[in-house]
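Single-letter residue listing:
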Amino acid sequence: MKRFLIALFVFFSIFSLSAAEYTTIEELDGKNIGVQTAVLYEELIMDRVPNATFQYYTMPNDMILALQSGKVDAYLIEEVSYGVQKKNHPDLDVLEEPAGYINATCIIGENERQDRLLSELNAFIAESWENGLLDELYDYWIADFDPINDTCDVSGFTGENGVINVAVEGGYEPFSFISNGNISGFDVDFIARFCRAYGYTPSFFEVPFEAIAPGVESGKYDIGMNIVVSEERNETGTLSDVYYTTPIRLVIQGEDDNAAGFFDSLKDSFYKTFIRENRWVLFVQGAGITILITLSSILAGTILGFLVYLLCRKGGKIANKGTNFFLWLIHGMPTVLLLMILYYIVFGSSSLSGTWVSVVGFTLMFACSMIDMLRVGCNAIGRGQFEASTALGYTEHQSFFRIILPQAAQHFLPIYRNEVVTLIKETSVVGYIAVLDLTKISDLVRSRTYEAFFPLIVTAIMYFVISAILTRIVTLVENKVSPKRRKKEKILKGIVEEE
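Residues numbered from 1 in each chain as written. Predicted model: local features only at pLDDT ≥ 70, side-chain atom pairs only at ≥ 80, totals over all residues. Heavy atoms only, no water.

Asker: For this particular structure, what's the right way to read the overall build of the protein chain?
Answerer: Helix and strand counts for the protein chain come out as 18 helices and 13 strands. For the protein chain, the residues scored as buried account for 47% of the 499 residues in total. Within the protein chain, residue pairs in contact and separated by at least 24 positions form 77% of the contacts whose partners lie at least 6 positions apart. Counting every atom, the protein chain has about 24200 Å² of accessible surface; 58% of that belongs to carbon and sulfur. (Helix = DSSP H or I, 4+ residues; strand = E, 2+ residues; numbered from the N terminus. Buried < 20%, exposed > 50% of the residue type's maximum accessible area, 1.4 Å probe, protein only. Contact = heavy atoms within 4.5 Å. Areas by Shrake-Rupley, 256 points an atom, 1.4 Å probe, with all protein chains shown as cover.)

This is the structure in structure tokens:
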């Protein structure tokens, strides 16, 4: 217990590390600078810090941890988001000079409604500038943002013009975040008002920022929020008019004279992670999605792989070459890439949810592994076993299922168990296709609490528990089929001893 407390102290003490003081942007030349993937903020200062190294992060709040642990010397972020971060981390500071200014727009999906949505959205943006709605939203969500009490009305939609799919980041206060289990924020409020004005019903998808534009351009989503304007994006994407402008700041490590003690910080972190807004429910829901994807993929993948193996076991050269090519293709493709191809291309025009697309992807992966396992296990059984069973009058079908397969199972079930564990871990990437699994929930909670310890540690523990339960089930099956673990009475059942 003492060692555990010491480890906790060391972990939290890294947050108190002081960094060198910087006063100008040029002083960061040659240093490490953090930036969120795909936001393009680094282009604002590249000419002023030509020797700097830019490190890219998926979640904005991961850059806080990187700064506090010394992995980066500064990071780029919108001024409005820095204001929220500063409330939670008083030790942060910024350079006086802005890195530059950016304009944010919406990107419109390439489908049959593109022209209409672009026209209506631009008209709504122009009207909102004129009547002060955007200023009102700015004051509410940005200038006077209260992360605990501010709410977003996502009701009252008439929907006579259909449903529009809207991609938001979901973990970026104050623009889009999860509050009390619901999506909220500046971007969400803005689109909700647009939908009420033009007769749509919005369906929000929380996806990593770098996946928003590709998802919209593929037609999976109708609108993507918070896209920074650039010349290249103007050439390749259909962008709306600007709906907000903000300075970009370089955040550096400052000092906090009122830092709480170690145990007080630990207690506060636990409260914000699990108790506030009943966030423990989100972890349970995320674990449920992870278990659903895992169990469905294992079951479907086992059945599919077994059937394909049976079809190819005595099939022709063409069938086996086709199967081998498919195995090579799936095994050689990164999991994230496979899921994104399925989600944005293969099922891009369908209404199949990210959860079930994940099941399809992992089913294919597990089926490929199942085929390989069956080949290894069955090839390990000597040809004499089959010949002996045939001599005893068994049919080919009976020989395989009663003689060969039970023995082969002893060889491939240990590998099967390892594949189950591997699959559980690989499901952690499904957040890239808008699935709120356990890992994605951990990211969203971290984006609200600005804490890393409890969300990450508890998520890891939950994965360990899920893995332990499923591997235990496979082990029980393995013991059940192993002749070495069967009782003598069961082995000798039906055999009559001579007197």
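Asker: Can you walk me through a nonpolar patch on the surface in this structure?
Answerer: A cluster of nonpolar side chains, Ile 457, Ile 461, Val 465, Ile 469, Ile 473, Val 477 and Val 481, forms an exposed patch at the surface whose accessible area comes to about 560 Å². Within the secondary structure, Ile 469 sits in helix 17 (residues 453-481). (Patch = residues over 30% accessible without salt bridge, like charges linked within 9 Å, V, L, I, M, F, W, Y side chains within 5 Å. Salt bridge = Lys/Arg side-chain N within 4 Å of Asp/Glu carboxyl O.)

Asker: Mind showing me how you'd approach the nonpolar core here?
Answerer: Proteins that are soluble and globular tend to have nonpolar side chains buried together. One finds Leu 76, Phe 190 and Tyr 243 to be the most contacted residues of the largest nonpolar core, which totals 135 residues. The leading source of residues in this core is helix 15 (residues 396-426), at 12 residues. (Core = buried A, V, L, I, M, F, W, Y, C linked by side-chain atoms within 4.5 Å.)

Asker: Would you explain unusual backbone geometry in this entry?
Answerer: Across the chain, the bulk of peptide bonds are trans and the bulk of non-glycine residues have phi less than zero. The omega angle of the peptide bond from Glu 173 to Pro 174 is 0°, so this bond is cis rather than trans. Residue placement: Pro 174 occurs in the loop between strand 7 (171-172) and strand 8 (176-179). Even without a glycine there, the phi angle at Asn 180 is positive, about 55°. Tracing the chain through its elements places Asn 180 in the loop between strand 8 and strand 9 (182-184). Asn 180 sits in the partly exposed class, given a relative accessible area of 47%. For Asn 278, which is not a glycine, the phi torsion comes out positive at approximately 50°. Overall, Asn 278 belongs to the partly exposed group, its relative accessible area being 47%.

Asker: Can you walk me through the packing of helix 15 against helix 17 in this structure?
Answerer: Packed helices, taken two at a time, are described by the angle their axes make and the gap between the axes. Running from amino to carboxyl end, helix 15 crosses helix 17 at an angle of 170°, the nearest separation of the two axes being 9 Å. In terms of orientation, helix 15 and helix 17 fall into the roughly antiparallel class. Within the contact between the two elements, helix 15 uses Ala 409, Leu 413, Pro 414, Tyr 416, Arg 417, Val 420, Val 421 and Ile 424 and helix 17 uses Tyr 463, Ile 466, Ser 467, Leu 470, Thr 471, Val 474, Thr 475, Val 477, Glu 478 and Val 481. Classifying every residue of the contact of helix 15 with helix 17 by side-chain character gives 13 nonpolar, 3 polar and 2 charged. (Axes fitted to C-alpha atoms, helices over the stretch in contact; angles between N-to-C directions. Parallel < 35°, antiparallel > 145°, perpendicular 65-115°, else oblique. Nonpolar A, V, L, I, M, F, W, Y, C, P; charged D, E, K, R; others polar.)

Asker: Can you walk me through a negative patch on the surface in this structure?
Answerer: Taken together, Asp 135, Glu 136, Asp 139 and Asp 144 make up a surface patch of like negative charges. Within the element layout of this structure, Glu 136 appears in helix 5 (residues 133-143). (Lys, Arg positive; Asp, Glu negative; His and termini not counted. Charge placed at Lys NZ, Arg CZ, Asp CG, Glu CD.)

Asker: Sorry if this is basic, but what is going on with the sheet that holds strand 9 here?
Answerer: Hydrogen bonding along the main chain pairs the strands of a sheet, whether they run parallel or antiparallel. The strand order across the open sheet built from 3 strands is 7-8-9, with neighbouring strands paired in antiparallel fashion. Here the strands that pair on one side only, and so sit at the sheet edges, are strand 7 and strand 9. For strand 7 and strand 8, the ladder comprises 2 bridges, and the chain directions are antiparallel. Within strand 8, the residue paired with Gly 171 across the bridge is Phe 177. Packing of helix 16 (residues 438-449) onto the sheet brings it into contact with strand 7 and strand 8, and relative to strand 8 it is tilted by some 95°. (Pairing = 2+ DSSP bridges.)

Asker: Just checking my understanding: could you explain the environment of Arg 116 for this structure?
Answerer: Position of Arg 116 among the secondary structure elements: in helix 4 (residues 114-131). Looking at Arg 116, the relative accessible area reads 42%, which means it is partly exposed. Each residue touching Arg 116, except ones within four places of it in the same chain, is listed here: Asn 161 and Tyr 200.

Nothing here speaks to function; it is geometry throughout.
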